[in-house]
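# Residue-level structure breakdown
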Amino acid sequence: MAFILPQPAIALPPSITFDSIRLSTKPTACLECSQVQSLGQSGCSDILVVFLNGLIAPQSFWLPVMALMLRRLEMTDTSTTGATARPQMLAYDRYGQGRTIDRDPSDGDEGKEEGYGHDTLDVVRDLQQLITQITQHPDSQPKRIMFVANSIGCAIARLYAQQYPGTVAGMLLLDSIMANTDFVSIFPDPSSPDFDPGSLPQGVTPEMLYETRKKFREVFHPSVKNPEGLDRRNLAALLPDAGKPFLHHGFAEKPPFVTVVGHDPEWFARESLQSSMETPISISMNYTNPTWHRYNESLARLTSPEKASGPILAKNCGHFVQRDDPNLVAGLACTMLGIIVDNP
């Protein structure tokens, strides 16, 4: 059983609508989307907030965040006209994930290896096409994009900003995947010739390391297949450094605002112990958490210091911060929206 606090039910406003969208580049399959249309002619109405899933948590995890953001925006509206301004919002399930039951049509192309049909760059290209289709109006100006992402969604956000310069104004990165690791080498290898058992922290044994490395290789290694067929084997080559490349060219050729959020170390350790992985707390506290925190510290260097925030530790949150504390995520997202609005 997951180590989580019960969350109050959050009513979804009618402004959140649900759509099936066929990309013009892949017309034989549908993507299931949740959308909010922009409102007003000023403020944040020219911003598109895109929520990016990890491998496990689907778009439904973002719905409470979207609802809370809308509530906050209504409560904090200070326009003289009395008309609320809100951004356009988009959450979606990638092919083969969540409510999107259709597979990526390209997965069946000749030469594709079963289970490795597409990679994160393919996801980025699909996302660009989806954004183009939902924002395409003859007289409209380009939207400023703000990503709210979790896990591998953070890697997708970074790759999008690299592939499509001049588009991204902000990124809220929630417990990003450590894109440059195989998740096994985080832990010392007891079979290595230079392994010193006497150097192990208190509460850690060679047997624990053997078992943890075995489980992580079976579940988290980039070569492990996943239900959506997303190939992660080249991710470390695509994003070899957490803090590079520096994102010089955000919207209007300015570096984007970047806020980095990490899980609560003690909460994550207890959650990991109670999960199917049964990772000992001493392993999480001595290896996983410190490595992840250093990665998050580097992520904050993707932009200029005055535009970076974090890493913020999300109290009582595990890896799925948007599930464990949607109020926190909604608050941070609205704060970033306000900053983007004030810095056109």
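Just above sits the structure.
Quick look at the structure, then. Small disclaimer: the values here were computed from a predicted structure and weren't measured.

## Here's the deal with the overall build of the protein chain
- When its secondary structure is counted, the protein chain shows nine helices and ten strands.
- For 344 residues, the compact-globule estimate of 2.2 N^0.38 gives 20 Å, and the protein chain sits close to it at 20 Å.
- Along the three orthogonal principal directions, the C-alpha set of the protein chain runs to about 70 × 50 × 40 Å.
- Per-residue burial over the protein chain gives 52% buried out of 344 residues.
- Within the protein chain, contacts between residues at least 6 apart in sequence are counted, and of these 77% link residues at least 24 apart.
- In the structure as shown, the protein chain presents an accessible area of about 15600 Å², 55% of it carried by carbon and sulfur atoms.
- Within the protein chain, one finds 28 positive and 38 negative side-chain charges whose respective centroids are separated by 2 Å.

## Concerning the pattern of salt bridges
- For the structure on display, the rule yields 13 salt bridges.
- A salt bridge links Lys26 to Asp104, with the shortest nitrogen-to-oxygen separation between them at 2.8 Å. On the criterion of sequence distance, the pair formed by Lys26 in strand β2 (residues 26-36) and Asp104 in the loop between β4 (88-92) and β5 (118-119) is long-range, its members being 78 residues apart.
- On the basis of relative accessibility, which here comes to 3%, the residue Asp104 falls in the buried class.
- As a salt-bridge pair, Asp231 and Arg233 come within 2.9 Å of each other at their nearest N and O atoms.
- With a relative accessible area of 11%, Asp231 lands in the buried category.

## Considerations on the nonpolar core
- Among the nonpolar cores identified, the biggest contains 59 residues, and Val50, Leu52, Leu127, Leu130 and Phe147 are the most heavily contacted of them.
- Examining the composition of this core, we find that eight residues originate from one element, helix α3 (residues 152-163), more than from any other.
- Sequence-distant contacts of Leu52, defined by excluding residues within four places in its chain, comprise Trp62, Tyr92, Leu127, Phe147, Val148, Ala149, Asn150, Gly153, Ile156 and Ala157.

## Quick look at the pairing of strand β9 (residues 257-263)
- Within β9, seven of the seven residues are buried, which leaves the element mostly enclosed by the surrounding structure.
- With five bridges connecting them, β9 and strand β10 (residues 308-314) associate as parallel partners. In the strand pairing of β10, His263 is matched with Ala314.

## Details of the state of the cysteines
- Across all of its chains, the model carries zero disulfides by this definition.
- Of all cysteine sulfurs in the structure, the one in Cys30 sits closest to Cys33, which takes part in no disulfide; the separation is 9.2 Å.
- Among the residues examined, Cys33 registers a relative accessible area of 0% and is labelled buried.
- Free of any disulfide, Cys154 has its nearest neighbouring cysteine sulfur in Cys317, separated by 14 Å.

What counts as what
- Numbers given to residues run from 1 along each chain, matching the order in which its sequence is written.
- It should be noted that, the model being predicted, local features are given only for residues of pLDDT at least 70 and side-chain atom pairs only at 80 or more, the latter also being counted only at that level, while totals for whole chains, interfaces and linings use all residues.
- The basis for the side-chain values is all heavy atoms of the structure; hydrogens and waters are excluded.
- By the criteria applied, helices consist of DSSP H or I runs no shorter than four residues and strands consist of E runs no shorter than two, each listed in order from the N terminus.
- For this measure, only C-alpha atoms enter the radius of gyration; the expected value for a globule follows 2.2 Å times N^0.38, where N is the number of residues.
- Under the scheme applied here, a residue whose accessible area is under 20% of the maximum for its type counts as buried, over 50% as exposed, and between as partly exposed, the area being computed with a 1.4 Å probe on protein chains only.
- Pairs of residues are marked as contacts when any of their non-hydrogen atoms sit within 4.5 Å.
- Only the protein chains shown count as cover for residues, with accessible areas throughout obtained via the Shrake-Rupley method and a probe of 1.4 Å.
- For the charge count, each Lys or Arg is scored as positive and each Asp or Glu as negative, with His and the chain ends excluded.
- Throughout, a charge is located at the NZ atom of Lys, the CZ atom of Arg, the CG atom of Asp or the CD atom of Glu.
- Salt bridges are defined as contacts in which a side-chain nitrogen from Lys or Arg sits within 4 Å of a carboxyl oxygen from Asp or Glu.
- The criterion is simple. A nonpolar core is a set of buried Ala, Val, Leu, Ile, Met, Phe, Trp, Tyr and Cys residues joined through side-chain atoms within 4.5 Å.
- When DSSP finds two or more bridges between two strands, those strands count as paired.
- For the purposes of this analysis, a disulfide is any pair of cysteine sulfur atoms at a distance within 2.5 Å.

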